[in-house]
Amino acid sequence: MTITALRSLALSSAAAVTLLLSACATAPVPATVADTIAANPQLSTLNRLVEQAELKSALQAVGPMTVFAPSDEAFKAVPAKTMEVLAKDKEQLKAVLGFHIVPAQLNAADVKNGNVKTVQGAELALGRAGDFVTVEDGMVQQADIKASNGVVHIVDRVLMPPKKK
């Protein structure tokens, strides 16, 4: 092998290593639940309300957590008067959003029929039949959206916590 051939081999090897290392450096870091919600166009209303309720940092925190995320369509079904009340009362908004969050990772396959405690403090009814997952009277439309600190399931209903007695 000539010096020119060796030099060419060394340069192409160095280029290959550089390319390989740069590919590793740009591998996407898994997004947090908050960032996953923010990046999903179906969840723009939820994202806005999370920011309004100052819950973004909680959804960026170390998990695991599961968020049953109402779609924009789900929020459109909520009466305008209810949305007005939530817009004016941050604590009530936090309670409603907290009722959608379980402090454990529940992939769709892990869901069992029964209740789980939410970060809001109330019990949330879950059910599963085959591939169908229900949460209260809502249906999971898109399951198992992975995040670095948990999982997001898009649901077709806004879940209202039970009234405190």
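Residues numbered from 1 in each chain as written. Predicted model: local features only at pLDDT ≥ 70, side-chain atom pairs only at ≥ 80, totals over all residues. Heavy atoms only, no water.

1. Structural notes on the overall build of the protein chain
Here is step 1 of the chain: The number of helices and strands found in the protein chain is seven helices and seven strands.
Here is step 2 of the chain: Buried positions account for 37% of the 165 residues belonging to the protein chain.
Here is step 3 of the chain: At a minimum sequence separation of 6, the contacts of the protein chain that also span at least 24 residues come to 62%.
Here is step 4 of the chain: Carbon together with sulfur atoms contributes 60% to the accessible area of the protein chain, which is approximately 9800 Å² in total. (Helix = DSSP H or I, 4+ residues; strand = E, 2+ residues; numbered from the N terminus. Buried < 20%, exposed > 50% of the residue type's maximum accessible area, 1.4 Å probe, protein only. Contact = heavy atoms within 4.5 Å. Areas by Shrake-Rupley, 256 points an atom, 1.4 Å probe, with all protein chains shown as cover.)

2. Re unusual backbone geometry
Negative phi values dominate among residues other than glycine, just as trans dominates among peptide bonds.
Here is step 1 of the chain: The step from G63 to P64 runs through a cis peptide bond, and the omega angle for that step is 5°.
Here is step 2 of the chain: Even without being a glycine, E54 presents a positive backbone phi close to 60°.
Here is step 3 of the chain: Within the secondary structure, E54 sits in the loop between α3 (44-52) and α4 (56-60).
Here is step 4 of the chain: Exposure remark for E54: the relative accessible area of 52% places this residue in the exposed category.
Here is step 5 of the chain: With a phi angle near 55°, D144 is a residue other than glycine that sits in the positive phi range.
Here is step 6 of the chain: With respect to the helices and strands, the residue D144 is situated in strand β6 (residues 138-147).

3. Here we look at the side chain of D72
Here is step 1 of the chain: Checked against the element boundaries, D72 lands in helix α5 (residues 72-76).
Here is step 2 of the chain: An unpaired buried charge is present at D72: no salt bridge exists, and K76, the closest side chain of opposite charge, is 6.7 Å distant.
Here is step 3 of the chain: Looking at D72, its side chain comes within polar contact range of the main-chain nitrogen of T45, at 2.8 Å.
Here is step 4 of the chain: Excluding anything up to four places from it in sequence, D72 contacts P41, Q42, L43, S44, T45 and L46. (Lys, Arg positive; Asp, Glu negative; His and termini not counted. Salt bridge = Lys/Arg side-chain N within 4 Å of Asp/Glu carboxyl O. Polar contact = N/O pair within 3.5 Å; in protein donor to acceptor, adjacent residues only side chain to side chain.)

4. Thoughts on the packing of α3 against helix α7 (residues 90-98)
Here is step 1 of the chain: Where α3 meets α7, the axes come as close as 10 Å, and the angle between the chain directions of the two elements is 130°. On the basis of the axis angle, α3 is oblique to α7. Between α3 and α7 the crossing geometry is left-handed. Side by side, α3 and α7 meet where L46, L49, V50 and Q52 of the first sit next to K90, L93 and L97 of the second.
Here is step 2 of the chain: The residue makeup of the contact of α3 with α7, split by class, is five nonpolar, one polar and one charged. (Axes fitted to C-alpha atoms, helices over the stretch in contact; angles between N-to-C directions. Parallel < 35°, antiparallel > 145°, perpendicular 65-115°, else oblique. Left-handed = near helix turned anticlockwise from the far one by under 90°. Nonpolar A, V, L, I, M, F, W, Y, C, P; charged D, E, K, R; others polar.)

5. Re the nonpolar core
Here is step 1 of the chain: Within the largest apolar cluster, 27 residues are counted, with the highest numbers of intra-cluster contacts made by V33, I37, L46, L59, V67, L97 and V152.
Here is step 2 of the chain: Counting residues in hydrophobic clusters, the runner-up holds 14 residues, among them V102, V111, V133 and V135. (Core = buried A, V, L, I, M, F, W, Y, C linked by side-chain atoms within 4.5 Å.)

6. Section: α7
Here is step 1 of the chain: Those residues of α7 that sit buried are L93, V96, L97 and G98.
Here is step 2 of the chain: In this structure, the buried residues of α7 make contact with α3, α6 (80-88) and β2 (101-102).
Here is step 3 of the chain: N-capping of α7 is provided by D89, with a side-chain oxygen placed 3.3 Å from the backbone N of E91.

7. Examining the confidence of the model for the protein chain
Parts of the prediction with low pLDDT should not have their coordinates interpreted in detail.
Here is step 1 of the chain: Averaged over every residue, the pLDDT of the protein chain is 86; residues scoring 70 or more account for 81%.
Here is step 2 of the chain: Scored below 50 in pLDDT, residues 13-21 makes zero contacts in the model with residues more than four places away or belonging to other chains.
Here is step 3 of the chain: A low-confidence stretch, residues 23-27 (pLDDT under 50), is modelled with zero contacts involving residues beyond four sequence positions or located in other chains. (pLDDT = per-residue confidence, 0-100.)

8. Quick word on the packing of α6 against α7
Geometrically, a packed helix pair is captured by the angle between its two axes and the distance between the axes.
Here is step 1 of the chain: Contact pair α6 / α7: the axes reach a minimum separation of 5 Å and the direction vectors enclose 115°. One way to sum up the angle between α6 and α7 is to call them roughly perpendicular. Facing V85, L86 and K88 of α6, the residues of α7 in contact are K90, Q92, L93 and V96.
Here is step 2 of the chain: Here the contact of α6 with α7 is composed, by residue class, of four nonpolar, one polar and two charged.

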